[in-house]
Number of protein chains: 4
Amino acid sequence: MRESSLPNLGVGLIGTGFMGRAHALAFHNARTTFELPFNLKLAALADADAARAEHCAQSWGFDHSHADWQQLISDPSVQLVAITTPNHLHFPMAMAALDAGKAVYCEKPLAVSLEQARQMHRAAQSAGVVTRVGYNYQHNPMIGLARQMIEDGELGHIISFQGEFSEDFMGDPQSPWSWRCEQAHAGGALADLGSHLLAMARYLLGDIEAVCADSQTVHGQRPTTRGGQEQRPIAIDDHTYALLRFANGARGTFASSWLKHGYKNHLSFEITGTQGTLAFDQERLNELRIYRPGAPGRDGFQRLLAGPTQPGYAAFCPAPGHQLGYNELKTLEVHALIQALCGQGNEGPDFAEALEIERLATAIRIAASEMRWVTVSDI
Amino acid sequence: MRESSLPNLGVGLIGTGFMGRAHALAFHNARTTFELPFNLKLAALADADAARAEHCAQSWGFDHSHADWQQLISDPSVQLVAITTPNHLHFPMAMAALDAGKAVYCEKPLAVSLEQARQMHRAAQSAGVVTRVGYNYQHNPMIGLARQMIEDGELGHIISFQGEFSEDFMGDPQSPWSWRCEQAHAGGALADLGSHLLAMARYLLGDIEAVCADSQTVHGQRPTTRGGQEQRPIAIDDHTYALLRFANGARGTFASSWLKHGYKNHLSFEITGTQGTLAFDQERLNELRIYRPGAPGRDGFQRLLAGPTQPGYAAFCPAPGHQLGYNELKTLEVHALIQALCGQGNEGPDFAEALEIERLATAIRIAASEMRWVTVSDI
Amino acid sequence: MRESSLPNLGVGLIGTGFMGRAHALAFHNARTTFELPFNLKLAALADADAARAEHCAQSWGFDHSHADWQQLISDPSVQLVAITTPNHLHFPMAMAALDAGKAVYCEKPLAVSLEQARQMHRAAQSAGVVTRVGYNYQHNPMIGLARQMIEDGELGHIISFQGEFSEDFMGDPQSPWSWRCEQAHAGGALADLGSHLLAMARYLLGDIEAVCADSQTVHGQRPTTRGGQEQRPIAIDDHTYALLRFANGARGTFASSWLKHGYKNHLSFEITGTQGTLAFDQERLNELRIYRPGAPGRDGFQRLLAGPTQPGYAAFCPAPGHQLGYNELKTLEVHALIQALCGQGNEGPDFAEALEIERLATAIRIAASEMRWVTVSDI
Amino acid sequence: MRESSLPNLGVGLIGTGFMGRAHALAFHNARTTFELPFNLKLAALADADAARAEHCAQSWGFDHSHADWQQLISDPSVQLVAITTPNHLHFPMAMAALDAGKAVYCEKPLAVSLEQARQMHRAAQSAGVVTRVGYNYQHNPMIGLARQMIEDGELGHIISFQGEFSEDFMGDPQSPWSWRCEQAHAGGALADLGSHLLAMARYLLGDIEAVCADSQTVHGQRPTTRGGQEQRPIAIDDHTYALLRFANGARGTFASSWLKHGYKNHLSFEITGTQGTLAFDQERLNELRIYRPGAPGRDGFQRLLAGPTQPGYAAFCPAPGHQLGYNELKTLEVHALIQALCGQGNEGPDFAEALEIERLATAIRIAASEMRWVTVSDI
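Residues numbered from 1 in each chain as written. Chains lettered and ligands numbered in written order. Predicted model: local features only at pLDDT ≥ 70, side-chain atom pairs only at ≥ 80, totals over all residues. Heavy atoms only, no water.

The subject of this paragraph is helix 5 (residues 114–127) of chain C. All names here are of chain C. In a regular helix each residue adds 1.5 Å, so 14 residues correspond to 20 Å; helix 5 covers 20 Å between its end C-alpha atoms and thus fits that length. Those residues of helix 5 not exposed but buried are Leu114, Gln116, Ala117, Met120, His121, Ala123 and Ala124. Tucked inside the fold, the buried residues of helix 5 contact helix 4 (90–99), strand 6 (131–133) and helix 10 (351–370). Gly128 sits one or two residues past helix 5 and shows a positive phi near 65°. (Helix = DSSP H or I, 4+ residues; strand = E, 2+ residues; numbered from the N terminus. Expected span 1.5 Å × (residues − 1). Buried < 20%, exposed > 50% of the residue type's maximum accessible area, 1.4 Å probe, protein only. Contact = heavy atoms within 4.5 Å.)

Next comes the structure, spelled out in structure tokens:
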């Protein structure tokens, strides 16, 4: 590729799983879709399997590969480190990258314990670099529209939030044990799914002050492999429900389950204000349903379809109704990150915000285990 | 009308409002739609306004009218007393009817206090008569189908219930004060709407053992009349949210609001078991959505439409897709009551069940006010 | 019942099948629901089976019964004759009633041939009485709202109509032969279902000038009984499709099938004007979807729910979202008929309109059989 | 990038508009998402504006640029020519590329006249190269699933197809004239939108033998610019409706409009067979609704969600419910093309198939203008 007059921004990506490839696609597509202020380069890709690292680097368009992630972090062509490894590795990798003074783009959750998250936040503050955590759903242009409507007061004063993130991939009692069933890997329905919903609630309505909750392990053991005889005991939550009190006065409910048959990606919410209601479901991510009171008998919920009046959508398609997919939300996440890197905006959760999400999830966990209301700021 | 060889069952109806007429229609339509074991007679209609009582009696096909409800109760042509008056009158009227040894069909709520409800239950036990309370939504054939599916284990072991009954008729802060805003008249979103949802939850899943809840008065005052200047303070809940623990082990959430813009009759729930999920919304009362896991990528929620395979539906229409309406649910309620009167079944909540619903609502109220979990049997 | 000061209107009903009972319910409910200008009396019920006639008369509240329908027509207590017998009997019964100078309320279709329909129309004109034909779906308050919106120009100038009435009750090739499979009984998808859609199209948009069509008999024979070995040849249409040109300039499509799996009562249409679109489906009869262009990205289809701002709904229920059912559409049909009888409005198709519907269906039949466009006024 | 042992496949792309960038994204993403048998190179990009060509080449990752498309065609690094220019340029560009013996990937429509399409088809046959035309909607994995179900006989014998492709971007009479309003540029609702539907109908059900149709120009003139005073007369169809007879015996309807308010990308169809119905709407491209008859009252339409059991989906995401977007359909189109280039499959319409689509659209145009049935093979 020819020389560009723009400054270089070299991306180093750790991990070559599904999420690694999703990052690779997102970086490339951000470059093709948007006019960026950097010459964005896919500099380096790391995977502990050297052959796989090299193969993927070649297929995905990275300049070179590393078998050792620490080499990637110290690679001078890398200014931004993207971490897509298993949850328990987020901490050491992000800490090393921050120590090297590099910007960090870490998949969610930030860490596998609140204490780790606190350390990561402090390190990021010390390093003074841009950080981002991959709560990608909020980069959906329809969510941007929802937030704008709320901020502009189109729904009046917000009084309630009812949110749910449920899937059914563990619904079958024979679905085998995996790392997602371990507390030490930030597993469980609350951490794995619910944290996305908490991020969304905070993104749209701000701080949550107090919570009460109920968690349950429905299936106390699962086979170690599909169809296997060996059972492994499980202590993590299969579903968690909570009551929420927001700082702005709104009240509401939270639900998160990975046993809820029929749902594949049901990150959904209804937000009501004194002048209307707004509803969303990730399973139809290009739609938003809104209601504003009108003449009696002549009002009703309206289905808005994503379209080019939303900047994030227009980047991909000039006509409404053509729809964005999951991978484009990652591209928009990367774009928001790059804007932050050049000081043009601050969309998307950084380590400070991710710490707040962890604090909130912890409050819910304590409220459920102690069967009492918990003030989030006490955590 | 000609003499019938069947025994007479004389209905005495108190109240000529919307619900009074709904009862009148329901009794007549039950007679036309079903083969009844009684010669059902619309015997007497009472309203404090004598002229209105007589006018409605004539229009609605009642034999005669009373201006004094106590005369209706002692009228020898009346064997069944139907009460559709304001909530605070349910207690004296039902107690008088029970004292006279007559069957009682009382609109919900049973009473305006738990203590009244307890007395009414004891009186019904002493009288040994059939009683019914108008939680009409459970008489929907689609709800009957849902219950059958649950009982037959089609969803496996039930693990969660997420229910809501929201409307928006008080959503406008200028919606004026009414008796529904008074605790003394069993007002508030929890009592007015939520009690229907509690009845439904119990009907489908049985006892609820413990609750935690959050209630809020969003609009602390309302005008005394629409557009009026005078404001009246309000202390009742505008919306209430709760966590539920069922005796069968299921967990879940409860929501009730009369401020939720966009909803007109949103009595809705999702019930998940280990083998499926079932969803219902009263705003589409002829539909049930169910999901049962199948081959991956080949399963999905299925929309069932009401049809004549459900006995309650077949009574009205021989073809599916033609739809029942709200008034037909009342007819089915009356039919269930008449079956109970002749010893053929016991569908529909009696005073004992209505007392349990009141107890549960009271537990939620206490849990919200004291911000703690409450064991329902402690109430 | 007591004497009323209003003039009597005696109803004589012929037929005790599903539709007979639907009429009986509708007449009673119209009396209870509306303030009528007559003392509406259920005077006489006729069925060829004398015992059944008497039994139903008693259950349904009719004063007396006849085994001979001609006696019912000459019964001096009968002023209005309601005909719910098989299609081929509509002609002799209606002609006799008209000859006796009585008002006639005939189920659809008016007749089993265009020639019969013409004679019935002429006889009605000579008799100078009120006539009505039971195209009940147009009495839905949501359809009334749709018509009002169109008339008020809310959709601008109407440019297209896309309508369908499909069900699946003959979808199984083993569904047995019935009278509905006979041309001589006005059978076939076009006559049985499609005529409702034609009535609706005319009700909403007026005259159709020209049609082109395609009809097909998919299953050329069916068993004479369910599971039976004997097959009976069938020549009637299983599905019919047409192109429509309206007098107002609108263009569009027509579809009618009784083989369309998944649909139980799919009388549906989309109507587009220069300023909006309106959509309806009888399977959700309490809803109307409308779209009017707004700010780009901020408009979308809106779901209107039936409610008391529509007079026909308010008669049954004071709150929105409670829903009407099929039988209430019959009550509204009866109410419209009674209003016509006392000179207060002219809603609902009379014999003149029903003749136009038959003419249109005939034009479609000819267009399909001759594979050419047909000008409706040429028929 | 490093050397690969795979043979090179150099792509030359002509056009830098929305569709040009969509192709650029698709080629890159195909490379990242799939294991390809080629070393796919973005070799050259052409645009008449040399500066824009160079700028886009750099942003989108092409090796070099050309201001003259003929140079791109003769560029030895180019083996595959992708054409995304205005419709009237498809012919000269494709003919030149075929003449140079290069594979051609041309956006739809193939040409602006049937005669051009015939020549292009003959040239492709002579050249013996792989050709593809961008009817991208059929590359949706849900459409693949639909086709599989039909081929496997899951719906029984297919008896009807009801299809529509409507949008509303010309719904406002003040929407200005554009090249899409010109016959000479293959404009009009039938050619612009309807051709996608015809491609889909053929892809799913095969040949259409005969058509009858109705077309209308609703707005006979439009302003030359938005808000401008000058009007320009228009003769092209604003909406077209047709009756279809398929070679397999199925019957049905076709509708195409760009005036239909409320629809943004409503490419939709319902296909019924003797054993079920299948429905799709591009506005919810990750869903398919299917109905198969089951126990009465226990069956109903089922919503299938896209997921990784479909290979095209699995390439992008390992979990269901995450959704693909419009751009991923282009990536899948490119992947199908590359598979054809290496002799591994023949999915997607080539010039022969695109000619058949043009023939069918022409038959509809003639049927509408002459108001008669047209046998497609006569065209």
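Looking now at the side chain of His23 of chain C. Residues and elements named next belong to chain C. With respect to the element layout, His23 can be found in helix 1 (residues 18–33). Residue classification places His23 among the buried positions, given a relative accessible area of 0%. Beyond its immediate sequence surroundings of up to four residues, His23 is in contact with Leu13, Ala82, Thr84, Tyr105, Glu107 and Lys330.

Across the contact, 49 residues belong to chain C and 49 residues belong to chain B. For the chain C and chain B pair, buried surface summed over both sides reaches about 4100 Å², with 45% attributable to carbon and sulfur atoms. Joining chain C to chain B, the criterion identifies 4 salt bridges. In this structure, the connection of chain C to chain B is made through 24 residue pairs in polar contact (both at pLDDT 80 or more). The set of elements that each furnish at least two residues to the side of chain C that touches chain B consists of helix 1, helix 2 (50–60), strand 16 (302–305) and helix 9 (326–341) of chain C. By residue number, the principal contributor to the side of chain C that touches chain B is helix 1 of chain C, which donates 8 residues. When the residues that make up the side of chain C that touches chain B are grouped by side-chain class, the tally is 17 nonpolar, 18 polar and 14 charged. (Buried area = accessible area lost by both parts, 1.4 Å probe. Salt bridge = Lys/Arg side-chain N within 4 Å of Asp/Glu carboxyl O. Polar contact = N/O pair within 3.5 Å; in protein donor to acceptor, adjacent residues only side chain to side chain. Nonpolar A, V, L, I, M, F, W, Y, C, P; charged D, E, K, R; others polar.)

In this section: the domain arrangement of chain A. All names here are of chain A. Along its sequence, chain A is carved into domain 1 (3–135) and domain 2 (137–322 + 349–378). Of note, the centres of domain 1 and domain 2, computed from C-alpha atoms alone, are 26 Å apart. Of all residues in domain 1, Lys108, Leu114 and Tyr135 bury the most surface against domain 2, accounting for 35% of the area lost on that side. Inspection of the domain 1/domain 2 interface yields 1 salt bridge. For the pair domain 1 and domain 2, the interface holds 5 residue pairs in polar contact (both at pLDDT 80 or more). Contributing elements (two or more residues each) for the side of domain 1 that touches domain 2: helix 4 (90–99), strand 5 (103–106), helix 5 (114–127) and strand 6 (131–133). Considering every element that reaches the side of domain 1 that touches domain 2, the biggest residue donor is helix 5, with 6 residues. Within the side of domain 1 that touches domain 2, the residues separate by chemical class into 15 nonpolar, 6 polar and 3 charged. (Domains from an automatic or database assignment.)

Here the focus is the relation of the copies chain A and chain C. Once chain A has been moved 0.0 Å along the axis and rotated by 180°, it coincides with chain C to within an RMSD of 0.0 Å. The symmetry that links the two subunits is that of a two-fold axis. The C-alpha atom lying nearest the rotation axis in chain A is that of Gln302 of chain A; the distance is 2.1 Å. In this assembly, 100% of the residues forming the interface of chain A have copies in chain C that are likewise at the interface, indicating an isologous arrangement. (Least-squares fit on C-alpha atoms with pLDDT ≥ 70 in both.)

This part covers the pattern of salt bridges. Two side chains that carry opposite charge are able to pair once their charged atoms sit near each other. By the definition in use, this model includes 95 salt bridges over all chains. For the salt bridge of Arg180 of chain B with Asp192 of chain B, the shortest nitrogen-to-oxygen distance reads 2.9 Å. Note that Arg180 of chain B is positioned in the loop between strand 7 (158–166) and helix 7 (189–205) and Asp192 of chain B in helix 7, a separation of 12 residues in sequence. Among the residues examined, Asp192 of chain B registers a relative accessible area of 10% and is labelled buried. Measuring nitrogen to oxygen at the nearest pair gives 3.8 Å for the salt bridge that ties Arg122 of chain C to Glu115 of chain C. Judged by its relative accessible area of 44%, Arg122 of chain C is partly exposed. Taken together, the shared-partner salt bridges in this structure form one network comprising Glu164 and Lys260 of chain A together with Glu270 and Arg289 of chain B.

All names here are of chain C. Taking strand neighbours across the sheet as the criterion, the 6 strands line up as 3-2-1-4-5-6 in an open arrangement whose pairing is parallel. The open sheet has two free edges, formed respectively by strand 3 (64–66) and strand 6, since each of these has just one partner strand. On average, each strand axis in the sheet is tilted by 20° relative to the strand beside it, whichever way the strands run. Alignment of strand 5 (residues 103–106) against strand 6, held across 3 bridges, turns out to be parallel. Paired with Cys106 across the two strands is Val133, which belongs to strand 6. (Pairing = 2+ DSSP bridges. Axes fitted to C-alpha atoms, helices over the stretch in contact; angles between N-to-C directions.)

On to the nonpolar core, then. Residues and elements named next belong to chain C. Within the largest apolar cluster, 121 residues are counted, with the highest numbers of intra-cluster contacts made by Leu204, Val211 and Phe351. No other element matches helix 7 (residues 189–205), which puts 11 residues into this core. Both domains that meet at this core, namely domain 1 (3–135) and domain 2 (137–322 + 349–378), each give it at least three residues. Apart from the residues lying within four places of it in its own chain, the contact partners of Val211 are Leu243, Leu244, Leu360, Ala363, Ile364, Ala367, Arg372, Trp373, Val374 and Val376. (Core = buried A, V, L, I, M, F, W, Y, C linked by side-chain atoms within 4.5 Å.)

All names here are of chain B. Judged by which residues are buried, strand 4 (residues 80–83) turns out to be covered on both faces: Leu80 and Ala82 on one side and Val81 and Ile83 on the other are all buried. Inspection of the sheet shows strand 1 (residues 8–14) paired to strand 4 by 4 bridges, in the parallel sense. Along strand 4, the bridge assignment pairs Ile14 with Ile83. With 4 bridges joining them, strand 4 and strand 5 (residues 103–106) adopt parallel strand pairing. Across the sheet, the residue bridging to Leu80 is Ala103, located in strand 5.

This next bit is on the relation of the copies chain C and chain B. Here chain C sits on chain B after a turn of 180° about the axis and a move of 0.0 Å along it, with an RMSD of 0.0 Å. Comparing contact sets, 100% of the residues at the interface of chain C also lie at the interface in chain B, consistent with an isologous, same-surface contact.

On to the side chain of Glu283 of chain C, then. Relative to the elements of secondary structure, Glu283 of chain C occurs in the loop between strand 14 (276–281) and strand 15 (287–291). Apart from residues lying up to four places away in sequence, Glu283 of chain C is in contact with Glu287, Arg303, Leu305, Gly321 and Gln323 of chain B together with Tyr263, Lys264, Asn265 and His266 of chain C.

This paragraph deals with the state of the cysteines. Applying the stated criterion across every chain yields a total of 0 disulfides over all chains. This cysteine, Cys56 of chain A, is not joined by any disulfide, and Cys317 of chain D carries the nearest cysteine sulfur, 17 Å off. (Disulfide = S-S within 2.5 Å.)

Once that is clear, we can look at the sheet that holds strand 2 (residues 39–46) of chain D. Residue and element names in this part refer to chain D. Taken in spatial order, the 6 strands of this open sheet run 3-2-1-4-5-6, and their pairing is parallel. Of all strands in the sheet, those with a lone pairing partner are strand 3 (64–66) and strand 6 (131–133), marking the two edges. Neighbour-to-neighbour, the strand axes of the sheet open up by a mean angle of 20°, direction not taken into account. Set on the sheet, helix 2 (residues 50–60) makes contact with strand 1 (8–14), strand 2 and strand 3; between it and strand 2 the angle comes to about 160°. Across the sheet, helix 9 (residues 326–341) lies against strand 1, strand 2, strand 4 (80–83), strand 5 (103–106) and strand 6, angled at about 160° from strand 5, the strand it touches most.

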